[in-house]
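Single-letter residue listing:
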Amino acid sequence: MPVTCVFGAQWGDEGKGKVVDYLADGADYVVRYQGGANAGHTIRVGDESFALRLTPSGVLRGSIGVIANGVVIDPRVLLEEMELVAARGIRPEDSLRISDRAHLVLPFHPPLDRALDAARSDAWRVGTTGRGVSTAIADKHSYDGFRVIDLMSERMRAERLPYLLERGNERLRTAGAEPLDLTATLAEIESWVPRLRPMVCDTVALLHRAREEDRTVLLEGAQASLLDVDFGTYPFTTSSNTGVAGVASGTGLPARAVDRVLAVAKAYTTRVGRGPFPTEEKGEVGRRLQEYGCEFGTVTGRPRRCGWFDAVGVRHVCRLNGVDGIALTKIDVLSGIDPLRICVAYQVDGRVIEDFPADPDVLGRCEPIYQDVPGFMESLTDARSVDDLPERARAYVAALEQQVGARVEILSVGPERTETVAMGAPGA
Ligand code: IMP
């Protein structure tokens, strides 16, 4: 399929990095289209592990990485990543394209993000990763954003930037945070210009041309659908449209350009930061998932909250995104747990509901209704085909498929790219 969109179907950290890396083999372009450096994709290449926050991981596999207009770019992070990529002998000038229309995260945005979240009452603190993404997106929508194309313009740097930075400092002071040294900040921003310029281009035209030439394009969603600002657990969400909804506005490709939609879901559920999580397990099972699944944040190092697979949430996501198939990750982590539980509906205020509620208070009160499935004891790490999977693992996958209404096309049984089972065509 020429244009594939891959995105997270839960609350993030589903293992999109590995799935994108698996699919990126042979992709001409790998494109980030929303979010910013709040993402953290870890991929393993041989003995090395890479955590990339802005750069599409496909650049390490020979694809052209595109940071499209919907991403808010923190040049500090990007320049660091460019060095990391260059250290592997890959020239960013050849392998990376940055949209001229993308907005920037300016140096006051990350501390402002953190100060605003710290000022929220305990009950309403979002638990932002503090990368300046939400404040940069808010500025974009209130006409005070500063784009890559503006950064490349001497006139814009001279006329708009000092005002934006002064205003940023005022907001930092109001939020109780330290203002920035404006002279040093302006000098730093000036130093970004020649380093970024070789990668800047009109990525809308680039992607349309790619499509006309039938190139393979992989659209890499960051964060996840249950963190979507419109359809997630607002206000405990991120600040962008994370699924297919973000593609058209975030790349300039028409919505109908997406040929295949692949949702990445973990075989259980995790969540970083605040917000309702009906299937959360605070006892032994939760600790075990956290330990065996190495569930600690890539960006913040925070332990992730863990629990059973929530088919109500993933079903909601599959509907929203018109999902063609699922890449199910980390099923190996479940071996040795018996029984396995799948949440198929919620019980709340004396009612049974099967749809994902909009109100975070209602979701917070939801009690999961579980379907129990016998667990498997075997290690799955060596499985490379469906035939290698124990009967009970296949039954668990089939139960998930039935509940979410989509087929599992890819099963990940370990962190390495090779530790993957292609589940075959429907009916195979
Ligand atoms: P922000 O997008 O950094 O402002 O964070 C808002 C919420 O989304 C917080 O609960 C974060 O923990 C969560 N979040 C943001 N990015 C990611 C991600 O890539 N993975 C998992 N959670 C994320």
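Residues numbered from 1 in each chain as written. Predicted model: local features only at pLDDT ≥ 70, side-chain atom pairs only at ≥ 80, totals over all residues. Heavy atoms only, no water.

Undergrad: Any chance you could break down the overall build of the protein for me, citing the residues and the numbers?
TA: A count of helical and extended segments in the protein gives 15 helices and 20 strands. For the protein, whose C-alpha radius of gyration is 22 Å, the value lies close to the compact-globule estimate of 22 Å for 428 residues. Seen through its C-alpha atoms, the protein measures out along the principal axes to roughly 65 × 50 × 40 Å. Sorting the 428 residues of the protein into buried and exposed places 55% on the buried side. Taking contacts inside the protein between residues at least 6 apart in sequence as the whole, the part at least 24 apart equals 75%. As displayed, the protein has an accessible area near 17,500 Å², and 48% of this comes from carbon and sulfur atoms. Each charge sign in the protein was given a centre, from 50 positive and 61 negative side chains, and these centres are 2 Å apart. (Helix = DSSP H or I, 4+ residues; strand = E, 2+ residues; numbered from the N terminus. Rg over C-alpha atoms; globule rule 2.2 N^0.38 Å. Buried < 20%, exposed > 50% of the residue type's maximum accessible area, 1.4 Å probe, protein only. Contact = heavy atoms within 4.5 Å. Areas by Shrake-Rupley, 256 points an atom, 1.4 Å probe, with all protein chains shown as cover. Lys, Arg positive; Asp, Glu negative; His and termini not counted. Charge placed at Lys NZ, Arg CZ, Asp CG, Glu CD.)

Undergrad: Can you explain the pattern of salt bridges? Please cite residues and give values.
TA: Counted under the stated rule, the structure contains 27 salt bridges. Of the charged contacts in the structure, one is a salt bridge between Arg-120 and Asp-117, with a shortest N-O distance of 2.7 Å. For Arg-260, the salt bridge is made with Glu-409, and the minimal N-O distance between the two is 2.6 Å. Of this pair, Arg-260 sits in strand S11 (residues 260-266) while Glu-409 sits in strand S19 (residues 408-412), and the two are 149 residues apart along the sequence. One salt-bridge network, in which partners are shared between bridges, spans Asp-13, Lys-266, Glu-295, Arg-304 and Lys-330. (Salt bridge = Lys/Arg side-chain N within 4 Å of Asp/Glu carboxyl O.)

Undergrad: Before we move on, can you summarise the packing of helix H8 (residues 161-174) against helix H9 (residues 182-196) with the specific residues and values?
TA: Where H8 meets H9, the axes come as close as 11 Å, and the angle between the chain directions of the two elements is 130 degrees. As judged from the angle between their axes, H8 and H9 are oblique. Viewed along their axes, H8 and H9 form a crossing whose handedness is right-handed. Facing Leu-161, Leu-165, Glu-166 and Asn-169 of H8, the residues of H9 in contact are Leu-182, Thr-185, Leu-186 and Ile-189. (Axes fitted to C-alpha atoms, helices over the stretch in contact; angles between N-to-C directions. Parallel < 35°, antiparallel > 145°, perpendicular 65-115°, else oblique. Left-handed = near helix turned anticlockwise from the far one by under 90°.)

Undergrad: Describe the side chain of Thr-4, listing the residues and the values that go with them.
TA: Residue placement: Thr-4 occurs in strand S1 (residues 3-8). By relative accessible area, Thr-4 is classed as buried at 5%.

Undergrad: So what about the site of the ligand? Which residues, and what values?
TA: In the vicinity of the ligand there are 16 residues, among which Asn-38, Thr-128, Thr-129, Gln-223 and Thr-238 approach most closely. Within the side chain of Asn-38, one N or O atom sits 2.9 Å away from an oxygen atom of the ligand. In this structure, an oxygen atom belonging to the ligand sits 3.3 Å away from a side-chain N or O atom of Arg-302. About the coverage of the ligand: the protein hides 95% of its 470 Å² of free accessible area. Here the residues of the shell around the ligand are counted per class, giving 5 nonpolar, 9 polar and 2 charged. Counting contributing residues, the shell around the ligand receives three or more from each of domain 1 (3-92 + 203-422) and domain 2 (103-198). (Near = heavy atom within 4 Å. Polar contact = N/O pair within 3.5 Å; in protein donor to acceptor, adjacent residues only side chain to side chain. Nonpolar A, V, L, I, M, F, W, Y, C, P; charged D, E, K, R; others polar. Domains from an automatic or database assignment.)

Undergrad: Hey, could you go over the side chain of His-316 for me, with residue numbers and the actual values?
TA: Within the secondary structure, His-316 sits in helix H13 (residues 311-321). The residues touching His-316, leaving out its near neighbours within four places in the chain, are Leu-226, Phe-231 and Phe-356.

Undergrad: Before we move on, could you go through the pairing of strand S2 (residues 29-32) and cite the residues and values that matter?
TA: Of the two faces of S2, both are covered, the one formed by Tyr-29 and Val-31 as well as the one formed by Val-30 and Arg-32. Relative to strand S5 (residues 64-67), S2 runs parallel, the two sharing 4 bridges. Looking at S5, one finds that Val-30 is bridged to Gly-65. (Pairing = 2+ DSSP bridges.)

Undergrad: Which residues make up helix H4 (residues 109-119), and what values go with them?
TA: All buried positions along H4 are accounted for by His-109, Pro-110, Leu-112, Asp-113, Ala-115 and Asp-117. Where the residues of H4 are buried, they touch strand S8 (103-104), helix H5 (133-141) and H8.

Functional significance is not addressed by these values, which are geometric in nature.
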